[in-house]
Amino acid sequence: MSILQAWRQAATSSVGPIRGSYTAFDRGLTTKSTSNSPKELSDIAAPAQPTRDVMVADVISGAPSQLRHRAVRVYQPTRNTMQCGQAKGDRWRIDFDILQGGGRWENPLMGWASSADYMQGTRMSFRSKEDAIHFAEKQGWDYYVQQSTVKRIPPKNYAENYLYRPGTLRIMKTK
Amino acid sequence: MLRIVSTVSRPSSTGRLGKVVGSQHSRRTFASTSAKQADITLTVDGKEVTVPQGSALIQACEAAGATIPRFCYHERLAIAGNCRMCLVEVERSPKPVASCAMPAMPGSKVWTNTPLVHEAREGVMEFLLANHPLDCPVCDQAGECDLQDQAMRYGSDRTRFHEITGKRAVENKDLGPLVKTSMNRCIQCTRCVRFANEVAGVEELGTTGRGNDLQIGMYVEKTMDSELSGNVVDLCPVGALTSKPYAFQARPWELKNTESIDVMDALGSNIRVDSRGVQVMRIQPRTNDDVNEEWISDKTRFAYDGLRFQRLTTPLVKEGDRFVSASWEDALAAIAKGLTASGAQGDEIQAISGHLADTEAMVALKDLVNRLGSDNLALDQVGGTAPPVHGVDVRSNYLFNSTIPGVEEADAILLIGTNPRHEAAVLNSRIRKSWLHTGLEVGLIGERIDTTYGYDYLGGDANALSEFMTGKSEFAKKFKAAKKPLIIVGSAVAEHPDAAATYNALSRYVELNKSTLVTPEWNGFSILQRVASRPAAYEIGFVPSKKASTTKPKFVYLLNADEVDPKSIPQDAFVVYQGHHGDLGAQLADVCLPAAAYTEKSTTWVNTEGRSQLGRSAVPPPGASREDWKIIRALSEVVGSPLPYEDVLEIRDRMWEISPTLVRYDVTEPTSAEVALAGLKALSVRTTGAKISGAIFQKPITNFYQTDPISRASVTMAQCTRSFVKGENYGFSDIGKAPEAAFA
Ligand code: SF4
Ligand code: FES
């Protein structure tokens, strides 16, 4: 997890030069988060670092600075097991961890949920993991990349229903 | 009625035809590779795909990125081929073919999106809808219904069937307190039957009649008694089988999905917590073929309503014989005072970690207790105050080394003192799968159990194990001859009086047969833990030292410990309980600290294979409750030895210091064969000369549905206990007599 801290340091150190030179904005104001990763980084299940330069967008985006202290999760949502459709299944998503305590409460008036967390409804989809990570870095968010789950479906065959197996009968089919 | 096929919505495939020509040359010949892994190449919608030989055509189409509608085909069940929704056009085939029942043939050309295909699927849909009620507004499946979605594309807006008798009417079945049936909606895909037959091992669920009269049911009036029955709710492509506790509670589009990890058993099943506002509305499985495939047990799925009841919401301090709610400051100050007043020194300070303690909290608690000069770290189990017999120095001595998918590779399994059906229901389905499809042989030592597969019963106690080791019995011979034998030792064996003798015998046996049992590719000596927090506790060394285990504690800290024997806690000791439910542990306490349940905190869980996984909070904890490790961190300051971590990243750095595997998420780290053998060697040296008392290995779980504070607080689990464990009729069976509205 020290990757996050490493990145945080990298990000804050880059703020200085940015403040100084608003004019040269596009390429000059980049920070390479790959260069100053600490050594133990390779030991932790760390995501592949994007090779692109990261332009820090949150300096001018006007986003509240508190957002920098919140973690987002980058993950690939799994298919809803209620349905079979695979569409949108390969997208990556970013959303925020909920706030402990003040995040949500039941409103005493109507019993609906109220929230003081303006990011709780935000979720973003990306075409690839790298895109999502790049976006999170640009915004200066701490992120955690969750590996996508493993899928191993063997070749399936109708004829398997009628395979002969020696020995006692092990299944009674009631279909 | 003539239906006009609109050409706008039907992309014609003629434009793509040109590209297909000439793709033949890239076909591979079979002789060049081994017969099993040979690949074949075919063309789907003008795109060339290569799939393993023996795949179904629908798999080839999926590999090419074409979406095939389907109702009966399911990746994890056998193929039935009875809904005909998956029709595709194959070159030189006079009729459309059902792609799930058709093997993919090398060089064939397939189209999945032609007018012919559309027309065929529309025909199928029309017949399906002829008898399907227009229930969507009152159906729980609406919004995540395969039939609904596909009717949007292939359905017609009016019917051509006007039968005087109306639509087919089918009586609802009573499958117990978990699965609600509405059999009018059934489209007879038989997924539920195949699931019950193959995965759950409930052979009573089946079909009667044929054609339009085909019905799904249990044949006799009987409930569906299986730990996995909730999965048919997911499998049913329509709303015929829905969840009874969730009925009419929420719509899928109102729910917020949070991907998390289950803690009801030690498998660490991947789950998705669906919440609305501050409430967990339901729990769904997440597919992960390394852990739970697509299934979760009923306890995992339905115990969530226990999160609403019996919660501790404010800190409580005992005054006289009653609890008074207090502020956090007062409660923590009361603990600090109690600690000094009790006069506990060194090992007299005891911490007991329970079933649902998360890794972060256990690390913090261990650090705190160690800082206070104590080594008295106990586990909430029988004999948990003594060091465990298998030790914690070598991981392979307490983990499920073969890994969960590895169970399917085994060709002989010996179960010792365990009932996987109750201790890890999803793992049990893997054993059944392997038992059905390969020649797997299973042997059992321990109390007789009702598994979903046949087994050779070898005896009930440690003597049976010695007998097995002599290799005379039929099963022992088969086990010797097996290429990948697997020994699954239940976690209860370590709590048994014969634990030392059993582990001694086992370690010697493994040593003798290391050529098959422990090789670089295969480790067939596996311990099946049954409690979510236990592998992590062993991993961080949350066990007492020899000296500490004999000390009488004066200050006891119960971290989620609800199984403790009240008699084991000294009368005059000062007891703190930290946890989320007012269960047994809270009753014993002098101060109760309200903590978050597993759906309310993002913490690390280590499963029985040693795979650490990161859960995620879905809803905020109720009232004044806080995350576990933060409570301990705050307490450490009040008692005057602050812990050196301030946020969750720092505590994970600390975990990394203890064991890097704790923060290497989603992977298992195998132990090398040499280390595993060395660990067993040390174990056998430590336990030499242990005597066998001959007591039976009892199964540790008598009631699968109520094993922890959450499931004990759950109404649904109480109903399951009544109907499945005690076998009472709880009032749902008189379907014919009650007014129809009650079952709508
Ligand atoms: S009840 Fe559902 S899963 Fe079972 S056959 Fe009918 S539609 Fe299929
Ligand atoms: S999915 Fe192929 S026939 Fe049902």
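Everything here concerns the structure above.
Quick summary incoming for the structure in this document. The structure displayed is predicted, hence computed values, not measured ones. (Residues numbered from 1 in each chain as written. Chains lettered and ligands numbered in written order. Predicted model: local features only at pLDDT ≥ 70, side-chain atom pairs only at ≥ 80, totals over all residues. Heavy atoms only, no water.)

Let us look at the overall build of chain B. When helices and strands are tallied, chain B shows 22 helices and 26 strands. Relative to the globule expectation of 27 Å for 744 residues, the C-alpha radius of gyration of chain B, 29 Å, shows essentially globular dimensions. Principal-axis analysis of the C-alpha atoms places the extent of chain B at approximately 90 × 60 × 50 Å. Burial statistics for chain B: of 744 residues in total, 61% are counted as buried. Of the contacts formed within chain B by residues at least 6 apart in sequence, a portion of 70% connects residues at least 24 apart. Accessible surface for chain B amounts to roughly 28100 Å². Of this, 53% is attributable to carbon and sulfur atoms. A distance of 4 Å separates the average location of the 81 positive side-chain charges in chain B from that of its 89 negative side-chain charges. (Helix = DSSP H or I, 4+ residues; strand = E, 2+ residues; numbered from the N terminus. Rg over C-alpha atoms; globule rule 2.2 N^0.38 Å. Buried < 20%, exposed > 50% of the residue type's maximum accessible area, 1.4 Å probe, protein only. Contact = heavy atoms within 4.5 Å. Areas by Shrake-Rupley, 256 points an atom, 1.4 Å probe, with all protein chains shown as cover. Lys, Arg positive; Asp, Glu negative; His and termini not counted. Charge placed at Lys NZ, Arg CZ, Asp CG, Glu CD.)

Turning our eyes to something else, we now look at the interface of chain B and chain A. Counting residues at the interface gives 82 residues for chain B and 54 residues for chain A. The junction of chain B with chain A conceals about 6000 Å² of combined surface from both sides, 47% of it contributed by carbon and sulfur atoms. By the criterion of area lost to chain A, the three top residues of chain B are E75, R616 and L649 of chain B, representing 12% of everything that side buries. Between the two partners, chain B and chain A, sit six salt bridges. Our count for the chain B to chain A interface comes out at 33 residue pairs in polar contact (both at pLDDT 80 or more). Grouping the constituent residues of the side of chain B that touches chain A by class yields 28 nonpolar, 22 polar and 32 charged. (Buried area = accessible area lost by both parts, 1.4 Å probe. Salt bridge = Lys/Arg side-chain N within 4 Å of Asp/Glu carboxyl O. Polar contact = N/O pair within 3.5 Å; in protein donor to acceptor, adjacent residues only side chain to side chain. Nonpolar A, V, L, I, M, F, W, Y, C, P; charged D, E, K, R; others polar.)

In this structure, the second largest pocket encloses a volume near 1600 Å³. In terms of lining residues, the second largest pocket is bounded by 48 residues, among which P154, E160 and R165 of chain A together with K433 and H437 of chain B are the most central. Elements represented by at least two residues in the lining of the second largest pocket include exactly α5 (191-200) and α11 (425-437) of chain B. Looking at the lining of the second largest pocket, the element that brings in the most residues is α11 of chain B, giving seven residues. Partitioned by chemical class, the residues of the lining of the second largest pocket number 19 nonpolar, 12 polar and 17 charged. Three or more residues apiece are contributed to the lining of the second largest pocket by two domains, here domain 1 (3-130) and domain 2 (402-411 + 421-527 + 668-686) of chain B. (1 Å grid on protein atoms, 1.4 Å probe; cavity = no way out; pocket = protein on both sides within 12 Å on 5 of 7 lines; lining within 4 Å. Points joined across faces, edges and corners; volume = space filled by probe spheres on them. Domains from an automatic or database assignment.)

Here the focus is the pattern of salt bridges. Residues and elements named next belong to chain B. Taken as a whole and judged by the stated rule, the model has 53 salt bridges over all chains. The closest approach of N and O atoms between E637 and R633, which form a salt bridge, is 2.7 Å. Taken together, the positions of E637 and R633, both in helix α18 (residues 628-638) and four residues apart, correspond to about one turn of that helix. E637 gets classed as partly exposed once you look at its relative accessible area, which sits at 49%.

This part covers the packing of helix α9 (residues 359-371) of chain B against α18 of chain B. Residue and element names in this part refer to chain B. The N-to-C vectors of α9 and α18 enclose an angle of 20 degrees; their axes lie 7 Å apart at closest approach. The orientation of α9 with respect to α18, classified from their angle, is roughly parallel. In this structure, the crossing between α9 and α18 has a hand that is left-handed. Across the interface between the two elements, E360, A361, A364, L365 and L368 of α9 pack against D628, W629, I632, L635 and S636 of α18. (Axes fitted to C-alpha atoms, helices over the stretch in contact; angles between N-to-C directions. Parallel < 35°, antiparallel > 145°, perpendicular 65-115°, else oblique. Left-handed = near helix turned anticlockwise from the far one by under 90°.)

What follows deals with the packing of aromatic side chains. All names here are of chain B. Overall, the coordinates contain 16 aromatic pairs over all chains when judged by the stated rule. Arranged with centres 5.2 Å apart and planes meeting at 55 degrees, the rings of Y398 and Y538 form a pair that is tilted. Here Y398, found in the loop between β16 (376-379) and β17 (412-416), pairs with Y538, found in helix α16 (residues 534-540); they are 140 residues apart in sequence, far enough to count as distant. When its relative accessible area of 1% is taken as the criterion, Y398 is described as buried. A centroid spacing of 5.9 Å and a plane angle of 10 degrees characterise the contact between F555 and F574, whose relative ring orientation is stacked. Within this pair, whereas F555 is found in strand β22 (residues 555-559), its partner F574 is found in strand β23 (residues 574-579), the two being separated by 19 residues in sequence. For F555, a relative accessible area of 4% puts it in the buried group. Directly above the ring of F704 sits K299, whose terminal nitrogen or CZ lies 4.8 Å from the centroid. (Phe/Tyr/Trp six-rings, centres within 6.5 Å; stacked < 30°, edge-to-face > 60°. Lys NZ or Arg CZ within 6 Å of the ring centre and 35° of its normal.)

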